[in-house]
Amino acid sequence: MQLVNKVVDACVARNNALLLSSELSMRTAVSEDVPTMIKFVQKLADHVNEPDAIKINQDIYQRDGFQEYPLFHCILLEYQNVVVGIAFFYFLYSTWERTYLHLEDLYIDQEQRGKGAGKVFMYTLADIANSLGYARFTWEVRKRTRKPMRMLLLILLNNGDNKTLKTGTRLEYPRS
(Lines give C-alpha, C1' and ligand atoms only; values in the text may rest on other atoms or scores of the structure.)
Protein backbone atom coordinates (compact mmCIF):
# COMPACT_ATOMS: atom_id res chain seq x y z
CA MET A 1 0.00 0.00 0.00
CA GLN A 2 2.98 2.31 0.40
CA LEU A 3 3.35 2.30 -3.39
CA VAL A 4 -0.25 3.49 -3.81
CA ASN A 5 0.28 6.27 -1.27
CA LYS A 6 3.47 7.36 -3.02
CA VAL A 7 1.70 7.42 -6.39
CA VAL A 8 -1.21 9.43 -4.95
CA ASP A 9 1.21 11.93 -3.37
CA ALA A 10 3.23 12.23 -6.60
CA CYS A 11 0.12 12.82 -8.72
CA VAL A 12 -1.19 15.44 -6.31
CA ALA A 13 2.17 17.24 -6.37
CA ARG A 14 2.43 17.02 -10.16
CA ASN A 15 -1.08 18.35 -10.76
CA ASN A 16 -0.75 21.25 -8.32
CA ALA A 17 0.97 23.09 -11.18
CA LEU A 18 -2.33 23.04 -13.10
CA LEU A 19 -4.17 25.16 -10.52
CA LEU A 20 -4.88 28.63 -11.92
CA SER A 21 -4.19 30.52 -8.69
CA SER A 22 -0.89 30.39 -6.85
CA GLU A 23 -2.95 30.67 -3.67
CA LEU A 24 -4.63 27.32 -4.33
CA SER A 25 -2.91 24.02 -3.63
CA MET A 26 -3.83 20.37 -3.19
CA ARG A 27 -2.47 17.88 -0.71
CA THR A 28 -3.20 14.38 0.49
CA ALA A 29 -5.16 14.30 3.74
CA VAL A 30 -3.49 13.08 6.92
CA SER A 31 -5.15 11.71 10.05
CA GLU A 32 -5.16 15.16 11.68
CA ASP A 33 -7.48 16.32 8.87
CA VAL A 34 -10.35 14.05 9.91
CA PRO A 35 -12.36 16.85 11.62
CA THR A 36 -12.04 18.93 8.43
CA MET A 37 -13.05 15.96 6.31
CA ILE A 38 -16.19 15.47 8.44
CA LYS A 39 -16.98 19.19 8.07
CA PHE A 40 -16.77 18.98 4.27
CA VAL A 41 -18.81 15.80 4.04
CA GLN A 42 -21.47 17.63 6.09
CA LYS A 43 -21.25 20.62 3.72
CA LEU A 44 -21.85 18.27 0.81
CA ALA A 45 -24.81 16.62 2.59
CA ASP A 46 -26.28 20.08 3.27
CA HIS A 47 -25.70 21.08 -0.36
CA VAL A 48 -27.71 18.11 -1.65
CA ASN A 49 -30.45 18.67 0.97
CA GLU A 50 -29.61 15.57 2.99
CA PRO A 51 -28.18 17.09 6.20
CA ASP A 52 -29.10 14.06 8.34
CA ALA A 53 -27.80 11.39 5.96
CA ILE A 54 -24.32 11.06 7.45
CA LYS A 55 -23.98 7.95 9.61
CA ILE A 56 -20.21 8.04 10.07
CA ASN A 57 -17.99 9.70 12.66
CA GLN A 58 -14.37 10.72 13.22
CA ASP A 59 -13.40 7.40 14.80
CA ILE A 60 -14.58 5.50 11.72
CA TYR A 61 -12.74 7.87 9.36
CA GLN A 62 -9.58 7.48 11.44
CA ARG A 63 -9.82 3.69 11.42
CA ASP A 64 -10.83 3.26 7.78
CA GLY A 65 -8.73 5.95 6.11
CA PHE A 66 -5.48 5.97 8.01
CA GLN A 67 -4.60 2.34 8.58
CA GLU A 68 -1.90 0.36 6.83
CA TYR A 69 -4.35 -0.58 4.07
CA PRO A 70 -6.74 2.39 3.90
CA LEU A 71 -10.26 1.84 2.60
CA PHE A 72 -10.37 5.34 1.11
CA HIS A 73 -8.11 8.23 0.16
CA CYS A 74 -8.76 11.94 0.36
CA ILE A 75 -7.28 14.96 -1.40
CA LEU A 76 -7.77 18.42 0.08
CA LEU A 77 -7.86 21.71 -1.80
CA GLU A 78 -6.52 24.69 0.12
CA TYR A 79 -6.78 28.43 -0.47
CA GLN A 80 -4.20 30.37 1.51
CA ASN A 81 -3.67 27.26 3.67
CA VAL A 82 -7.38 26.90 4.53
CA VAL A 83 -9.23 23.82 3.22
CA VAL A 84 -11.84 24.83 0.63
CA GLY A 85 -12.44 21.54 -1.19
CA ILE A 86 -12.27 17.80 -0.86
CA ALA A 87 -12.20 14.70 -3.06
CA PHE A 88 -12.85 11.26 -1.52
CA PHE A 89 -11.96 8.21 -3.58
CA TYR A 90 -11.20 4.53 -3.25
CA PHE A 91 -10.22 1.55 -5.33
CA LEU A 92 -12.49 -1.28 -6.42
CA TYR A 93 -11.93 -4.48 -8.31
CA SER A 94 -13.70 -5.66 -11.44
CA THR A 95 -13.63 -9.39 -12.14
CA TRP A 96 -13.54 -8.55 -15.84
CA GLU A 97 -11.11 -5.65 -15.95
CA ARG A 98 -9.02 -5.43 -12.76
CA THR A 99 -8.69 -2.58 -10.26
CA TYR A 100 -10.24 0.83 -10.85
CA LEU A 101 -10.58 4.17 -9.08
CA HIS A 102 -13.98 5.45 -7.95
CA LEU A 103 -14.62 9.06 -6.93
CA GLU A 104 -17.08 8.99 -4.03
CA ASP A 105 -17.42 12.69 -3.22
CA LEU A 106 -16.15 15.96 -4.63
CA TYR A 107 -17.01 19.26 -2.96
CA ILE A 108 -15.59 22.74 -3.40
CA ASP A 109 -16.73 25.78 -1.42
CA GLN A 110 -18.94 28.10 -3.45
CA GLU A 111 -16.41 30.97 -3.33
CA GLN A 112 -13.74 28.79 -4.97
CA ARG A 113 -15.87 27.32 -7.76
CA GLY A 114 -15.23 28.39 -11.33
CA LYS A 115 -11.48 28.68 -10.78
CA GLY A 116 -10.55 25.36 -12.37
CA ALA A 117 -10.09 23.39 -9.14
CA GLY A 118 -12.75 20.79 -10.02
CA LYS A 119 -11.01 20.18 -13.33
CA VAL A 120 -7.66 19.76 -11.55
CA PHE A 121 -9.21 17.35 -9.03
CA MET A 122 -10.48 15.27 -11.95
CA TYR A 123 -7.13 15.44 -13.79
CA THR A 124 -5.40 14.33 -10.60
CA LEU A 125 -7.72 11.37 -10.09
CA ALA A 126 -7.34 10.32 -13.73
CA ASP A 127 -3.57 10.67 -13.32
CA ILE A 128 -3.66 8.42 -10.25
CA ALA A 129 -5.67 5.78 -12.13
CA ASN A 130 -3.31 6.01 -15.11
CA SER A 131 -0.17 5.92 -13.00
CA LEU A 132 -1.34 2.79 -11.21
CA GLY A 133 -2.35 1.16 -14.51
CA TYR A 134 -5.97 0.87 -13.42
CA ALA A 135 -8.71 -0.04 -15.87
CA ARG A 136 -10.97 2.93 -15.31
CA PHE A 137 -11.96 5.98 -13.29
CA THR A 138 -15.63 6.15 -12.35
CA TRP A 139 -18.03 8.43 -10.55
CA GLU A 140 -21.76 8.89 -10.08
CA VAL A 141 -23.59 12.18 -10.34
CA ARG A 142 -26.66 13.46 -8.54
CA LYS A 143 -29.29 15.09 -10.68
CA ARG A 144 -28.59 18.59 -9.33
CA THR A 145 -24.87 18.35 -10.11
CA ARG A 146 -25.14 16.87 -13.60
CA LYS A 147 -24.48 20.08 -15.51
CA PRO A 148 -21.14 20.92 -13.85
CA MET A 149 -20.02 17.29 -13.99
CA ARG A 150 -20.91 17.06 -17.69
CA MET A 151 -18.76 20.15 -18.24
CA LEU A 152 -15.89 18.45 -16.40
CA LEU A 153 -16.35 15.30 -18.48
CA LEU A 154 -16.17 17.32 -21.68
CA ILE A 155 -13.01 19.03 -20.47
CA LEU A 156 -11.44 15.67 -19.64
CA LEU A 157 -12.43 14.05 -22.92
CA ASN A 158 -11.41 17.05 -25.03
CA ASN A 159 -8.12 17.68 -23.26
CA GLY A 160 -5.77 18.56 -26.10
CA ASP A 161 -2.56 17.83 -24.21
CA ASN A 162 -3.70 14.25 -23.52
CA LYS A 163 -2.83 14.44 -19.81
CA THR A 164 -6.02 12.72 -18.77
CA LEU A 165 -6.39 9.34 -20.37
CA LYS A 166 -3.46 7.11 -21.13
CA THR A 167 -2.67 3.41 -20.81
CA GLY A 168 -6.20 2.24 -21.53
CA THR A 169 -7.83 3.90 -18.53
CA ARG A 170 -11.34 4.97 -19.37
CA LEU A 171 -13.81 7.32 -17.74
CA GLU A 172 -17.23 6.02 -16.83
CA TYR A 173 -19.99 8.49 -16.33
CA PRO A 174 -23.65 7.53 -15.89
CA ARG A 175 -25.74 8.74 -18.81
CA SER A 176 -29.16 8.64 -17.16
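Remember, predicted model here, so these are calculated numbers, not experimental data.

Trainee: I keep staring at helix H4 (residues 117–131) and nothing clicks. Help me out?
Mentor: What sets the pattern is the α-helix's 3.6 residues per turn: residues three or four places apart point alike. Over its 15 residues, H4 runs 20 Å from end to end, which matches the ideal 21 Å to within 8%, given 1.5 Å per residue. Within H4, 13 of the 15 residues are buried, which leaves it mostly tucked inside the rest of the structure. Immediately downstream of H4, the backbone of Gly133 shows phi near 70°, a positive value.

Trainee: Explain the pairing of strand E4 (residues 98–108) here, please?
Mentor: For a regular strand, side-chain orientation follows a simple rule: the groups alternate between the two sheet faces. As paired strands, strand E3 (residues 82–94) and E4 are joined by 10 bridges and run antiparallel to one another. In the strand pairing of E4, Tyr93 is matched with Thr99. In this structure, E4 lies alongside strand E5 (residues 136–139), joined through three bridges in parallel fashion. The residue bridging His102 from the neighbouring strand is Thr138, located in E5. A crossover connection joins E4 to the parallel E5 through H4; in handedness this β-α-β unit is right-handed.

Trainee: Would you take a moment to explain the side chain of His73 for this structure?
Mentor: One can find His73 in strand E2 (residues 73–79). Not counting residues within four places of it along the chain, the set of residues in contact with His73 comprises Val4, Asn5, Ala87, Phe88, Phe89 and Phe91.

Trainee: In this structure, what is going on with the nonpolar core? I would like to understand it.
Mentor: Proteins that are soluble and globular tend to have nonpolar side chains buried together. Counting residues in each nonpolar core, the largest one holds 28 residues, and the members touching the most others are Met26, Ile75, Leu77, Leu125, Ile128 and Phe137. Counting residues per element, this core draws most heavily on H4, which supplies eight residues. Setting aside residues no more than four positions away along its own chain, Met26 makes contact with Val12, Asn15, Asn16, Leu19, Ile75, Leu76, Leu77, Val120, Phe121 and Thr124. In this structure, Ala29, Val41, Val48 and Val83 belong to the second largest nonpolar core, which totals 15 residues.

Calculation criteria
- Residues numbered from 1 in each chain as written.
- Predicted model: local features only at pLDDT ≥ 70, side-chain atom pairs only at ≥ 80, totals over all residues.
- Heavy atoms only, no water.
- Helix = DSSP H or I, 4+ residues; strand = E, 2+ residues; numbered from the N terminus.
- Expected span 1.5 Å × (residues − 1).
- Buried < 20%, exposed > 50% of the residue type's maximum accessible area, 1.4 Å probe, protein only.
- Pairing = 2+ DSSP bridges.
- Right-handed = clockwise from strand over helix to strand, strands pointing away.
- Contact = heavy atoms within 4.5 Å.
- Core = buried A, V, L, I, M, F, W, Y, C linked by side-chain atoms within 4.5 Å.

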